[in-house]
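Summary of the model geometry
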Amino acid sequence: MTALTSNRESAQGKEAGDAKISVVIPVYNVEPYLRRCLESLRKQTFREFDAVLVDDGSTDAGGKICDEFAARDKRFHVIHTTNNGPSAARNRGMEWALTCSRSEALAFIDSDDWIATDYLDALWEGLARGRKEGCSCCCIMFMREEFSQDTPKQSGNYGWKRVSAEDYWVIPDALPDSPCAKLFDKALFADPRMRFPRGKWYEDTFLVYRLVFKTDIIFSSRKLYGYTSREGSTTHSSDFRRLYDYVAALTEQEAFFEEKGKRKALRLTRERLAVVIRPLVRNCHDEGLRGRLRSLLRELRPDFLGKIQNKRVASLYREAWPVRYALFGHLPFVKRSVKLVNWIFK
């Protein structure tokens, strides 16, 4: 059966009023989390925003929930499309923000996450300061634990500081690959190449580093973005093709950082590669790709093994548990090995 080739856009998504920030939210089968996400955005102390909700062919009630919020709040706009994946959904939302909104900056929120009430206030303050110093991106930290959505606004108390993109990139637990917990000047997206690659998993890893490394950034260590780790998300997938895309994205990062002389970022990327490549080699049936992975692993392995006590590496290893389990956690003899390695990384 041939899929529909045309998109159906709701009437709310055709026009946008005055806004300083456009928020892009891709939506696909996240009904249990969606109201929390959209309600946290609706309650923002910063009022001058518009939001485009891209329903990527949800088979649950997600599309109806989006329409409900758009009917209640004129700042919310909905685009309904057939399912094309997260890259296409984000790109569709970006195009709407770039062509239909008069906003100055672009933010991304994942539809299973949520934000503190002063989140957009903080980001707008950071970007405003950054622009005076020639920066086009500001970043804030993620919060993995539950926090109150009624966090009072504390304008002027965010501790913004200018840092190099590389210094930000290597901050533990910053999740720098994600487009979330960041605010981008829309001018960054004037180049049509600055889009999420269609048909790729880990699309963030392919794009965000190119945006962040355009200039220095303005950074705050405040944790105002609530990150949800759930079954069914990309990081919990056992699909090897997705993991190959992750390696491909990190390999592109590696080449970029090496060319730009970003040694700290290069080292971190190689550490991340070392965490995932070895099990991929064992399960790869493409001889050409297997040879490339083996060669890369030989290059990375001495440096990686020499840093077992490095806290950043240990943190990365612990965070990669979905990948380890999906690849080989079900094998009895490997379970014992994993227990031993987990003990080493305590």
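These numbers come from a predicted model, not from an experiment. (Residues numbered from 1 in each chain as written. Predicted model: local features only at pLDDT ≥ 70, side-chain atom pairs only at ≥ 80, totals over all residues. Heavy atoms only, no water.)

1. Points about the overall build of the protein
Formally: Each helix corresponds to a stretch of at least 4 residues labelled H or I by DSSP, and each strand to a stretch of at least 2 residues labelled E; elements are numbered beginning at the N terminus. Whether two residues are in contact is decided by their heavy atoms, any of which lying within 4.5 Å being enough.
When helices and strands are counted, the protein shows twelve helices and ten strands. Sequence separation of at least 24 residues holds for 83% of the intrachain contacts in the protein that already meet a minimum separation of 6.

2. A short note on the pairing of strand 4 (residues 76-81)
The side chains of a regular strand alternate between both faces of the sheet. The line we're drawing: With a 1.4 Å probe rolled over the protein chains alone, any residue whose accessible area is under 20% of its type maximum counts as buried; one over 50% counts as exposed, and the rest are partly exposed. Two strands pair if DSSP finds at least two bridges between them. Handedness is read with the strands pointing away from the viewer; a crossover is right-handed when the path from the first strand over the helix to the second is clockwise.
In terms of burial, strand 4 is largely enclosed, as six of its six residues are buried. Residues Phe76, Val78 and His80 of strand 4 are buried on one face, and the alternating residues His77, Ile79 and Thr81, pointing to the opposite face, are buried as well. Alignment of strand 3 (residues 49-56) against strand 4, held across six bridges, turns out to be parallel. Bridge pairing links Leu53 to Val78 in strand 4. Between the parallel pair strand 3 and strand 4, the chain is carried across by helix 2 (residues 62-72), and the sense of this crossover is right-handed.

3. What to know about the nonpolar core
Heads up, the rule is: Throughout this description, the term nonpolar core refers to a set of buried Ala, Val, Leu, Ile, Met, Phe, Trp, Tyr and Cys residues connected via side-chain atoms within 4.5 Å.
Core analysis: the biggest nonpolar cluster contains 79 residues, and Ile21, Val23 and Leu41 have the highest contact counts within it. Ignoring any residue separated from it by four or fewer positions in sequence, one finds Val23 in contact with Leu41, Phe49, Asp50, Ala51, Val52, Ala107, Ile109 and Leu120. With nine residues, the next largest nonpolar core counts Val247, Leu250, Leu273 and Ile277 among its residues.

4. Digging into the packing of aromatic side chains
The cut-off we apply is this: Between 30 and 60 degrees the pair is tilted, below 30 it is stacked and above 60 it is edge-to-face, where a pair is any two Phe, Tyr or Trp rings, Trp via its six-membered ring, whose centres lie within 6.5 Å. Put simply, a charge is over a ring when the Lys NZ or the Arg CZ is close to the ring centre, within 6 Å, and near the line of the ring normal, within 35 degrees.
Under the defined criterion, the tally for this structure stands at 19 aromatic pairs. Ring geometry for Phe142 and Tyr227: centres 6.0 Å apart, planes at 90 degrees, overall edge-to-face. Here the residue Phe142 occupies a position in strand 7 (residues 137-143), and Tyr227 occupies one in the loop between strand 10 (217-226) and helix 7 (240-260), the gap between them amounting to 85 residues. Using a relative accessible area of 6% as the deciding quantity, one classes Phe142 as buried. On the numbers, 4.6 Å between centres and 40 degrees between planes, the contact of Tyr202 with Tyr246 is tilted. Of this pair, Tyr202 sits in the loop between strand 9 (182-185) and helix 6 (203-212) while Tyr246 sits in helix 7, placing them 44 residues apart in sequence. Its relative accessible area of 10% is what places Tyr202 among the buried residues. Above the face of the Phe69 ring, Arg72 is positioned so that its terminal group lies 4.8 Å from the ring centre.

Nothing here speaks to function; it is all geometry.
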